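For reference, the chains in residue letters:
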Number of protein chains: 2
Amino acid sequence: MTKAGQGAAVPAERGGRAPNRREDVIRAAAELIGERGFDGTSMRDIARAVGMLPGSLYYHFASKEELFLALHEHAVARYHAALDAALEGLRDPWDRLEAAVRAHLRELLGSRNLLAIVRPDAAGGDPAVAARVRAERDAYDQRIRDLVAALPLAPGVDRGLFRLMLLGALNWTPVWFREGRRTPDEIAAAFVAMLRAGAE
Amino acid sequence: MTKAGQGAAVPAERGGRAPNRREDVIRAAAELIGERGFDGTSMRDIARAVGMLPGSLYYHFASKEELFLALHEHAVARYHAALDAALEGLRDPWDRLEAAVRAHLRELLGSRNLLAIVRPDAAGGDPAVAARVRAERDAYDQRIRDLVAALPLAPGVDRGLFRLMLLGALNWTPVWFREGRRTPDEIAAAFVAMLRAGAE
DNA sequence: AGCGTCACCAAACAATCGTTCGGTTGCCGC
DNA sequence: GCGGCAACCGAACGATTGTTTGGTGACGCT
C-alpha cells in the first residue's frame, strides 16, 4: 500500500506541515489521463492542473511512466479498499459477488476524479511498465476469481468465461455511462441478476 | 460506402493500372493504430509501413484525423458486411443474435490487421471527429438493438442493459484474448448461452 | 510531340514533447 | 543565526510531432 516500489527515492511521508503535493499530482494526473489518455496528457497539462511548473514534477517522479505507475498503484489500492469494505460481513456467495460488482462499478463511474485506470494499455509501449501494471491488476483479478469460484453454478458453466464476461461488461461501462439515467448500483444489480438467473 | 465524405478531394477509383495505395495506407494505419493507439502512432510510422515519405500521406488525406475517419468508416463497413453475411437466411431470434455475436467477435479478434477500432475515444479530442465516429458507430449499434428487440425475453429484463452488457463483454475481449486458448466462436457461443439461459 | 495531372519525393517549418539543471525560497533543528 | 534540506522556479535542451511547399518522373490523351 504505502510501499513505494524499488527504484526511485521517494520522500514518503515526512514532517506533517506541508500537505502532500505528491498526492495532488497523482490525483490530477489520474483525472486528466483518465479522460484524455496517457499520450494525450502532457506533463505540462498535469503541472498546470496543480499549479506547478513542468520541471517541478520531476522532483516527485523520475519520469512520466513512473508517475503513471504510482497513479496506477494508487488506483488499484482504492479498488482493493472498496472491495474490502463491500465484502465485510457478507457470507452468501451471490451477495458477495453483487456487493463486489457494486463496489467496482461505483469506483469506476464514481463522481469525479474517477481515475479510470481500466485500460491495461494506457501507458506507453514500455514492456517493463506493462509488466508492473499487469501484476497489480492480476492481484485484483484473483479476488474476483475467488468470488466466482465460490458461486454455486450449474455444472456446464465455464467460470472463466463467466468472470471475463462480467468484468468485460463492467469495464466497458465508462464508454456508454451517462449520469442521471441509471445509477451504478442499478447497473450492478441488473448485470448480476442476468448472470445469476441463467447460471445458477 | 465508397462515398468519401464532403471535404477532401478524393481521387476515387481511376485508371486501373496503379492499385489503390490509398487503401494500403488505410490498412497499415488500421493495424498500427489498432495496436499502438491513435496518439501512439505517428504519420512517419504509417508512411514507413507502406514505403512512403511522411509528407506523401497528405496527398491522400488532408490530416491525420481525416485518415482516421476514413479508417473508421472502412472498419465499420466491414462490421456491417460481416453482419449481413452472418444473418442471411436465419429467422430464429436467438440464432440471429448468436450469429451476429459470432461475426462481431470474429471481426474483432480476427487474425491480423484487426482494425480493432473499438474505442470511441481513439481519435484526438476533436469533437467534430468524435461526432462523426459516434454517428457511424450508432448505426451499427442500432442493428444490434433490433436483434435484441426481437428476442422473446422475460418481462422483467431490461433490453437496454441486456445489449450493453453483451456488447461490453464483447468489446472488452481484445484485452484478455490470446490465440490458441479459446476460439472466437466458442466465446461467442458461451456468452450468448449464459445470457439466454437467464433471460429467456 | 506536347500538355496535364496523378502520385510521390525531398526538405523543411513551427509547435510540442519529455526531460535536465542551476538557482532560489522557506522552514527546521541546533 | 546559520547550515541544511525539502520543494519548487526559470529556462533551456534535443527529439519528435503534424504539416507545408516546391519540385519531379511516369503516364494518358490529343
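Refer to the preceding data block for the structure.
The model shown is predicted, which means the values in this text are computed figures rather than measured ones.

Student: So what exactly am I meant to see when it comes to the interface of chain B and chain A here?
Tutor: The figure often quoted for interface size is the accessible area lost as the parts come together. Taken residue by residue, the interface counts 26 residues in chain B and 26 residues in chain A. Between chain B and chain A, a total of about 2,600 Å² is buried, with carbon and sulfur atoms accounting for 77% of that surface. When the buried area of chain B at its contact with chain A is split by residue, M165, W172 and M194 of chain B rank highest and sum to 30% of it. If you look at where chain B meets chain A, you find two residue pairs in polar contact (both at pLDDT 80 or more). Mapped by element, the contributors of at least two residues to the side of chain B that touches chain A are α7 (159-176) and α8 (184-199) of chain B.

Student: I would appreciate a short explanation of the protein's contact with DNA strand D in the present structure.
Tutor: Lining the immediate environment of DNA strand D, one finds 18 residues, of which R21, Y59 and H60 of chain A together with Y58 and K64 of chain B sit closest. Backbone atoms, meaning sugar and phosphate, form 60% of the atoms of DNA strand D found within 4 Å of the protein. The contact in question runs from a phosphate oxygen of DNA strand D to an N or O atom on the backbone of L53 of chain A, over 2.9 Å. Taking H60 of chain A, its side chain carries an N or O atom lying 2.5 Å from a phosphate oxygen of DNA strand D. Of all the elements in the fold, those that place two or more residues in the surface near DNA strand D are α3 (57-60) of chain A together with α2 (43-50) of chain B. Split by residue class, the surface near DNA strand D holds six nonpolar, seven polar and five charged.

Quick notes on the rules
Residues numbered from 1 in each chain as written. Chains lettered and ligands numbered in written order. Predicted model: local features only at pLDDT ≥ 70, side-chain atom pairs only at ≥ 80, totals over all residues. Heavy atoms only, no water. Contact = heavy atoms within 4.5 Å. Buried area = accessible area lost by both parts, 1.4 Å probe. Polar contact = N/O pair within 3.5 Å; in protein donor to acceptor, adjacent residues only side chain to side chain. Helix = DSSP H or I, 4+ residues; strand = E, 2+ residues; numbered from the N terminus. Near = heavy atom within 4 Å. Nonpolar A, V, L, I, M, F, W, Y, C, P; charged D, E, K, R; others polar.

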